[in-house]
Amino acid sequence: MNTKDSISYVHEELVAYMQLAHGRSLEIGKKTLIMGILNVTPDSFSDGGRFFNPKYAVEHALQMVEDGADIIDVGGASSRPNSIMVDENEELRRILPVVKKLAEKDVLISVDTFRARVAEEALAQGAHLINDIGSFEMDPELLKVLCRWQVPVVLMHNRMQVKPGEAYDDLIADIMMDLEQSIAKAVAAGLKEEFIIIDPGLGFGKNPGENRLLLKRLRDFRKMGRPILIGASRKNFIGKTLNLEIDERLEGSLATVAIAIMNGADIVRVHDVKESARVARMTDAVRLENG
């Protein structure tokens, strides 16, 4: 953060308080934060259809909070490979009843969207931050909404135009450069830099080896001075590495949680909240040990 009175140090780690919409805040750095994934879609790659009904979606979200989720990330438009993106009216129809009910339950809500209108209406209904897979490119109007609200955004690296067989010149340097350009764009438009969380974008335009290298080199991103979110849960690179289908990737996903935390992640975005929260607590105990 930029203000001195919002910074302290615990075990030589930066602890900052990030202001959210509607007067809420996140304490970043004292412990790893757990972001529980809530897909209110019929076609998401891992749990599509299970929580399409708003009643079941809310029940699942509250269970994730009980299991240790600090934030619930609500998504109404699947971004899985080869999916057909629904229009914004359908996305709104799916998420707004869930956002409204969770806000009434005092749950911290992130909305997984790249669309300006969806972000605007979700924030109005009680959402606290936005998770943008589009790096402000998929809907340029989104940045205007974020500036108007002055709320945090997860800025995910997404170079989907990289095709199989193509290579980055330097994976880590290229991703950092892309993220820095997006941050500069946001700041120039009027969004405070302290409201930006970075996500290197595991699985988006990277092959399995590149995803593994990203996890190994994650600490390099600390020099950017922004909180880091990692979303590896059940992703294809885990399946490719272990030769396992989606419903068999729990252990691989938990391994990525521990690796990401040890290498500098502040927030982990996961499907399996109870198990991931336990791994995070144990990993934090090791990471923060000062004896």
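Residues numbered from 1 in each chain as written. Predicted model: local features only at pLDDT ≥ 70, side-chain atom pairs only at ≥ 80, totals over all residues. Heavy atoms only, no water.

Caption draft 1: Broad picture of the nonpolar core. With 68 residues, the main nonpolar core has Leu-38, Val-74, Leu-102 and Phe-221 as its most contacted residues. With seven residues, the single largest contributor to this core is helix α5 (residues 171-189). Sequence-distant contacts of Val-74, defined by excluding residues within four places in its chain, comprise Leu-38, Val-40, Ile-95, Val-98, Val-99, Leu-102, Ile-109, Ser-110, Val-111 and Asp-112. If you look at the next biggest cluster of nonpolar residues, it comprises 13 residues, including Ile-28, Leu-33, Leu-108 and Leu-129. (Core = buried A, V, L, I, M, F, W, Y, C linked by side-chain atoms within 4.5 Å. Buried < 20%, exposed > 50% of the residue type's maximum accessible area, 1.4 Å probe, protein only. Helix = DSSP H or I, 4+ residues; strand = E, 2+ residues; numbered from the N terminus. Contact = heavy atoms within 4.5 Å.)

Caption draft 2: Structural detail: the pattern of salt bridges. Throughout the structure, instances matching the rule amount to 18 salt bridges. Lys-55 is paired through a salt bridge with Glu-59; the nearest N and O atoms lie 2.8 Å apart. Placement of both Lys-55 and Glu-59 in helix α1 (residues 54-67) is noted, with a separation of four residues, approximately one turn of the helix. For Glu-59, a relative accessible area of 42% puts it in the partly exposed group. With a closest N to O distance of 3.0 Å, Arg-117 and Glu-121 form a salt bridge. (Salt bridge = Lys/Arg side-chain N within 4 Å of Asp/Glu carboxyl O.)

Caption draft 3: Spotlight on the confidence of the model for the protein. Residues at a pLDDT of 70 or more form 87% of the protein, whose mean pLDDT is 90. In the predicted structure, residues 1-12 sits below a pLDDT of 50 and forms 19 contacts with residues beyond four places in sequence or in another chain. (pLDDT = per-residue confidence, 0-100.)

Caption draft 4: Representation of the sheet that holds strand β8 (residues 153-156) within the structure. Reading across the sheet, the eight strands line up as β9-β8-β7-β6-β5-β4-β11-β10 and stay open at both edges, with parallel pairing between neighbours. Two strands bound the open sheet, and with one partner strand each, they are β9 (196-199) and β10 (229-230). Together, β4 (33-39) and β11 (267-270) form the strand contacts of helix α9 (residues 273-287), whose direction differs from that of β4 by roughly 165°. (Pairing = 2+ DSSP bridges. Axes fitted to C-alpha atoms, helices over the stretch in contact; angles between N-to-C directions.)

Caption draft 5: Structural context of unusual backbone geometry. Even without a glycine there, the phi angle at Phe-136 is positive, about 70°. Inspection of the secondary structure puts Phe-136 in the loop between β7 (129-132) and α4 (141-149). Classification of Phe-136 as buried rests on a relative accessible area of 1%. Unusually for a residue other than glycine, Arg-234 sits at a positive phi of about 60°. Along the chain, the position of Arg-234 falls in the loop between β10 and α7 (236-242).

Caption draft 6: Representation of the pairing of β8 in the model. Neither face of β8 is exposed, since Val-153 and Leu-155 on one face and Val-154 and Met-156 on the opposite face are all buried. With three bridges connecting them, β7 and β8 associate as parallel partners. Bridge pairing links Asn-131 to Val-154 in β8. For the handedness criterion, the β-α-β arrangement of β7, α4 and β8 is classed as right-handed. Note that β8 and β9 share four bridges and pair parallel. Bridging across to β9, Met-156 finds its partner in Asp-199. (Right-handed = clockwise from strand over helix to strand, strands pointing away.)

Caption draft 7: Molecular detail of a negative patch on the surface. Taken together, the side chains of Glu-245, Asp-247, Glu-248 and Glu-251 make up a negatively charged region of the molecular surface. Inspection of the secondary structure assignment puts Glu-251 in helix α8 (residues 250-262). (Patch = residues over 30% accessible without salt bridge, like charges linked within 9 Å, V, L, I, M, F, W, Y side chains within 5 Å. Areas by Shrake-Rupley, 256 points an atom, 1.4 Å probe, with all protein chains shown as cover. Lys, Arg positive; Asp, Glu negative; His and termini not counted. Charge placed at Lys NZ, Arg CZ, Asp CG, Glu CD.)

Caption draft 8: Seen up close, α1. Taking 1.5 Å of rise per residue, the 14 residues of α1 would be expected to cover 20 Å, and the 20 Å separating its terminal C-alpha atoms lies within 8% of that figure. By the burial criterion, the buried members of α1 are Ala-57, Val-58, His-60, Ala-61, Met-64 and Asp-67. Tucked into the core, α1 has its buried residues touching β4, β5 (71-75), α2 (88-104) and α9. Its side-chain oxygen 2.8 Å from the backbone nitrogen of Lys-55, Asn-53 forms the N-cap of α1. (Expected span 1.5 Å × (residues − 1). Polar contact = N/O pair within 3.5 Å; in protein donor to acceptor, adjacent residues only side chain to side chain.)

Caption draft 9: Representation of helix α3 (residues 116-124) within the structure. Buried within α3 we find Ala-116, Val-118, Ala-119, Ala-122 and Leu-123. The buried residues of α3 occupy an angular sector of 165° when the element is viewed end-on, so they sit on one face. Contacts made by the buried residues of α3 are with α2, β6 (109-112), β7 and α4. Immediately beyond the C-terminal end of α3, within one or two residues, lies Gly-126, with a positive phi of roughly 125°. (Arc of directions from axis to C-beta.)

Caption draft 10: Region of interest: the packing of α3 against α4. For the pair α3 and α4, the least separation of the axes is 8 Å and the interaxial angle reads 25°. Between α3 and α4, the interaxial angle falls into the category roughly parallel. Mapping the contact onto sequence places Ala-116, Ala-119, Glu-120, Leu-123 and Ala-124 in α3 and Glu-141, Leu-142, Val-145, Arg-148 and Trp-149 in α4. Each residue belonging to the contact of α3 with α4 can be placed in one class, and the counts come to seven nonpolar, no polar and three charged. (Parallel < 35°, antiparallel > 145°, perpendicular 65-115°, else oblique. Nonpolar A, V, L, I, M, F, W, Y, C, P; charged D, E, K, R; others polar.)

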